[in-house]
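# Geometric and topological summary
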Amino acid sequence: MRAMNHPLMNLTKALRNKIEQELPMEHLLPDRLPIYVSSFVYMFGILTMASFILVILSGMTMAFEGPLWYQFSAAGAVMRSIHFWGVQVFFFFLFLHFFSVFFMAGWREGRAATWIIGSFLLLFSIVEAFTGFLTQGGFFAQWNQVQSKDAFNSIGISGFFNVLNNGQLYGLHISIIPAILVLLLIIHLTLIRQKGVVPPIEALKK
Amino acid sequence: MKKTFQNPEDRYPTQPSDLIKEMLVAFGIAFVLIVGLALIFRTPFTPPVTIKETAQSDPLLFERTDMRDLMGTSALATYGPPYNAGPAQQAIGWFAPEQWGGVTNAITTSDLYVLDILRAASPINPHIIPLIDAYTAAASPQQQQWSQNYYAALQNAHVINGNVIVPAGDYGPVQGMMQAMLSIAQSGFMDSALNRTTPGNNGVYTYNFSRSILFLQGEALTNKATAAHLLGSDWGIAREEGSYPGPWWLMIYTFLYQIPPYSTASAGDLLVVLTMLGVFLVIMLLPFIPGLNKIPYYIPIYKVIWRRWYARHEK
C-alpha cells in the first residue's frame with residue numbers, strides 16, 4: 001500500500017493537493033485584495049460577466065418558449081429585446097475590459113495564458129453573437145446569411161459549416177458555443193484568481 | 001517535500017474587499033441598463049422574405065429570377081464550389097481553398113428551380129407534362145433561343161391580375177412553363193417543394209432553408225437590402241435595420257470590404273477572412289510581439305488607472 005502514497009498513484013489526492021497549493025480558498029474567494037486594486041476599471045470585467053449572465057438567462061427563456069413565442073407574442077418580444085440589448089451592453093463592457101487590460105499590460109508576470117484565454121473568449125463571443133444575429137428569423141438574418149456565405153465559401157468550409165442552414169446555426173448558438181464560452185470563462189476566472197490581479201507597471205522597482 | 005507556493009498578491013499590502021458584493025452590484029447595474037434599454041427601444045423585426053410573397057408582390061421579378069436560373073446565367077448558376085463545378089471565384093494564385101472544399105451542396109439551377117418543381121407539381125396539374133416534355137426534347141440551342149426570347153420579352157411585359165402578359169413571340173413551351181411556375185410560386189408550393197427536397201430536411205425537422213434563400217439572394221433580397229441601406233458597401237452586417245445598433249463589433253471585418261484591395265479584388269472575401277485571421281493571431285499573441293507589447297508603457301493610461309498607487313509611492 002506504500003505505493004498509494006506516491007502523488008501519482010492517487011490522482012484525486014494529487015488534484016486536491018495541486019488545487020490547495022496553487023489556488024487555496026482564500027485566494028479563490030479573497031476578502032482582502034492588494035491596495036493597488038482600487039479603480040473603476042476593475043468593474044468592466046465584472047460588468048461584462050453580469051451582462052453575460054443576463055444574456056444567458058434571457059436566451060434560456062427564449063430557447064424554452066421557442067421562436068414563435070419570441071417573434072410573435074408581446075411577452076416574447078420583451079424577452080427578445082432584453083436578449084438583444086443584453087448583447088449590446090455585453091460587448092460594450094467587453095471592449096472596455098479589453099482595452100483597459102491592454103493599457104495595463106495585463107499579461108505581465110506570467111499572465112499571458114489569461115490574456116490568450118481572454119482573446120478566445122472575445123473570438124467565441126463574436127461567433128456567438130454572429131450566429132444569434134443570423135437566427136433572428138427575419139429579413140435581416142436572411143440577408144446577412146446570403147452575404148456572409150461568400151466568406152465561408154471562400155475558405156471551403158461550407159460543407160462542414162453552412163451559414164444558410166438555420167438548424168446548424170441554432171444548435172451552435174444555443175448549445176455548443178455557449179458551452180465553450182462558459183468553460184473558457186471558468187478557466188479565465190480561475191487563472192485570474194490563481195495569478196492574482198496584475199500589479200502596477202514597475203511596481204516592485206519603486 | 002511540499003513546495004511552498006506564494007500567490008503573487010501576497011507580495012503587496014492589502015485592503016478589505018468583497019468580490020461577491022461587487023458582483024451583485026454589477027448585476028444590478030447591468031439589469032437596470034439592459035432591461036431599461038429593452039423596454040424603451042425594443043428590437044426591430046422585419047418578417048422574412050419568401051418566394052410566395054415575392055411572386056405575389058412582384059411577378060415580373062419572380063419570372064426574371066426564375067428565367068436566369070433556367071438559362072444558367074444567375075449568380076448561383078455560375079458560382080462554382082460549393083454549389084456547382086467550375087473554377088472557384090475566390091482564389092489567390094494557387095491558393096484556392098474554395099476549390100479544395102469541393103462541391104458539397106450541389107445545385108443545378110435549371111433543374112432545382114424550374115424543371116424539378118414543374119415535375120413535382122405535374123400530378124396536380126397534368127397540363128404541365130407536355131410543356132416539360134417539349135422543352136426537354138428540344139436541343140440545347142433551341143432551349144436557349146426560346147429562353148432568351150422570353151427573357152427579353154419580360155422587359156416589355158405587363159402584370160394583369162397577378163399574371164405576366166408578354167407580347168406574342170417564339171417562346172416554345174417556356175411561356176407556359178413560366179406561367180405554371182408563377183402560379184406554383186404564388187401558392188407557396190415552391191417554398192415547400194424546395195425545402196422538402198433539401199438534403200438533411202426530413203419529416204418534421206425542416207431547418208435548412210438554403211435552397212429557397214439562394215433563389216431569393218439576387219434581385220429579391222438585394223432590392224430590399226438596398227432600400228434599407230444594408231449592402232456590403234454600406235458596412236454590411238455591422239448595421240442593423242433602421243437606427244438600431246447592429247453588431248458593431250464586426251466593424252473591423254466590414255470596414256475591410258470598404259477599401260481596396262478587398263473592395264476591388266475578385267478574391268475579396270478570401271482576403272478579408274485571411275486578414276481577420278491575422279488580426280486575431282496578433283491580438284492573441286500580443287503579449288509576445290515585440291513593440292506591440294510595449295505600447296501600454298508608452299501611452300501612460302496605466303498611470304491614470306493606478307494613480308493612487310503611484311501617488312503613494314512617489315511621496
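Everything here concerns the structure above.
Residues numbered from 1 in each chain as written. Chains lettered and ligands numbered in written order. Predicted model: local features only at pLDDT ≥ 70, side-chain atom pairs only at ≥ 80, totals over all residues. Heavy atoms only, no water.

Let us now look at the overall build of chain B. Helix and strand counts for chain B stand at 16 helices and 3 strands. Its C-alpha atoms give chain B a radius of gyration of 29 Å, clearly above 20 Å, the size a compact globule of 315 residues would have. Taking the principal axes of the C-alpha coordinates as reference, chain B spans close to 95 × 50 × 45 Å. Within chain B, the proportion of its 315 residues that are buried is 41%. Here chain B has roughly 16500 Å² of accessible surface; of this, 63% comes from carbon and sulfur atoms. For chain B, the distance from the average site of its 19 positive side-chain charges to the average site of its 21 negative ones is 20 Å. (Helix = DSSP H or I, 4+ residues; strand = E, 2+ residues; numbered from the N terminus. Rg over C-alpha atoms; globule rule 2.2 N^0.38 Å. Buried < 20%, exposed > 50% of the residue type's maximum accessible area, 1.4 Å probe, protein only. Areas by Shrake-Rupley, 256 points an atom, 1.4 Å probe, with all protein chains shown as cover. Lys, Arg positive; Asp, Glu negative; His and termini not counted. Charge placed at Lys NZ, Arg CZ, Asp CG, Glu CD.)

Once that is clear, we can look at the interface of chain B and chain A. Chain B puts 100 residues into the contact, and the matching count from chain A is 100 residues. Three residues stand out in chain B for area buried against chain A, namely B:Glu9, B:Trp249 and B:Trp306, and they jointly supply 9% of the buried area on that side. For B:Arg11, the salt bridge goes to A:Glu109, with nearest N and O atoms at 3.6 Å. On the surface where chain B and chain A come into contact, there are 31 residue pairs in polar contact (both at pLDDT 80 or more). Top contributing element to the side of chain B that touches chain A by residue count: helix α1 (residues 19-41) of chain B, with 16 residues. Across the side of chain B that touches chain A, the residue classes break down as 65 nonpolar, 19 polar and 16 charged. Two strands pair when backbone bridges link them, and strand β1 (residues 32-34) of chain A and strand β1 (residues 14-16) of chain B are joined in this way by 3 bridges, in the antiparallel orientation. Bridge assignment links A:Arg32 to a residue of β1(B), and that residue is B:Pro16. (Contact = heavy atoms within 4.5 Å. Buried area = accessible area lost by both parts, 1.4 Å probe. Salt bridge = Lys/Arg side-chain N within 4 Å of Asp/Glu carboxyl O. Polar contact = N/O pair within 3.5 Å; in protein donor to acceptor, adjacent residues only side chain to side chain. Nonpolar A, V, L, I, M, F, W, Y, C, P; charged D, E, K, R; others polar. Pairing = 2+ DSSP bridges.)

In terms of backbone geometry, most residues other than glycine have negative phi values and most peptide bonds are trans. Each neighbour pair has its own omega, and for B:Pro81 with B:Pro82 the value is 5°, a cis peptide bond. Here B:Pro82 lies in the loop between α3 (59-71) and α4 (97-101). With omega at 5°, the peptide bond leading from B:Pro260 into B:Pro261 counts as cis. Following the sequence through the fold, B:Pro261 ends up in the loop between α12 (251-256) and α13 (268-284). You will see that A:Glu109, though not glycine, has its phi angle at about 55°, which is positive. Residue placement: A:Glu109 occurs in the loop between α5 (74-103) and α6 (112-134).

Moving on: the nonpolar core. One recurring pattern in soluble globular proteins is that nonpolar side chains are buried together. Counting 132 residues, the largest nonpolar core has B:Phe62, B:Tyr113, B:Leu118, B:Tyr150, B:Met190, B:Trp249 and B:Trp306 as its most contacted members. Broken down by element, the residue count for this core peaks at 14 residues, all from α5(A). Ignoring any residue separated from it by four or fewer positions in sequence, one finds B:Met190 in contact with B:Ile51, B:Phe62, B:Asp66, B:Tyr113, B:Ile117, B:Met181, B:Ile184, B:Ala185 and B:Phe215. (Core = buried A, V, L, I, M, F, W, Y, C linked by side-chain atoms within 4.5 Å.)

Counted under the stated rule, the structure contains 7 salt bridges over all chains. Of the charged contacts in the structure, one is a salt bridge between A:Lys149 and A:Asp150, with a shortest N-O distance of 3.1 Å. Residue B:Arg64 pairs with B:Glu219 through a salt bridge whose shortest N-O separation is 2.8 Å. Of this pair, B:Arg64 sits in helix α3 while B:Glu219 sits in helix α11 (residues 219-227); the two residues are 155 residues apart in sequence, bridging distant segments of the chain. The structure contains a network of salt bridges with shared partners spanning B:Arg64, B:Arg68 and B:Glu219.

With that out of the way, let us pick up the packing of aromatic side chains. Under the definition given, this model contains 39 aromatic pairs over all chains. On the basis of an interplanar angle of 80° and a centroid distance of 5.5 Å, the ring pair of A:Phe84 and A:Trp85 is categorised as edge-to-face. Both residues of the pair, A:Phe84 and A:Trp85, belong to the buried class. Judged by centre distance (5.9 Å) and plane angle (35°), the ring pair of A:Phe130 and A:Phe152 falls under tilted. Taken together, the residues A:Phe130 in helix α6 and A:Phe152 in helix α7 (residues 139-154) connect sequence positions 22 residues apart. Looking at A:Phe152, the relative accessible area reads 18%, which means it is buried. B:Lys224 extends its terminal NZ or CZ atom over the ring of A:Phe139, reaching a point 5.3 Å from the ring centre. (Phe/Tyr/Trp six-rings, centres within 6.5 Å; stacked < 30°, edge-to-face > 60°. Lys NZ or Arg CZ within 6 Å of the ring centre and 35° of its normal.)

Nothing here speaks to function; it is geometry throughout.
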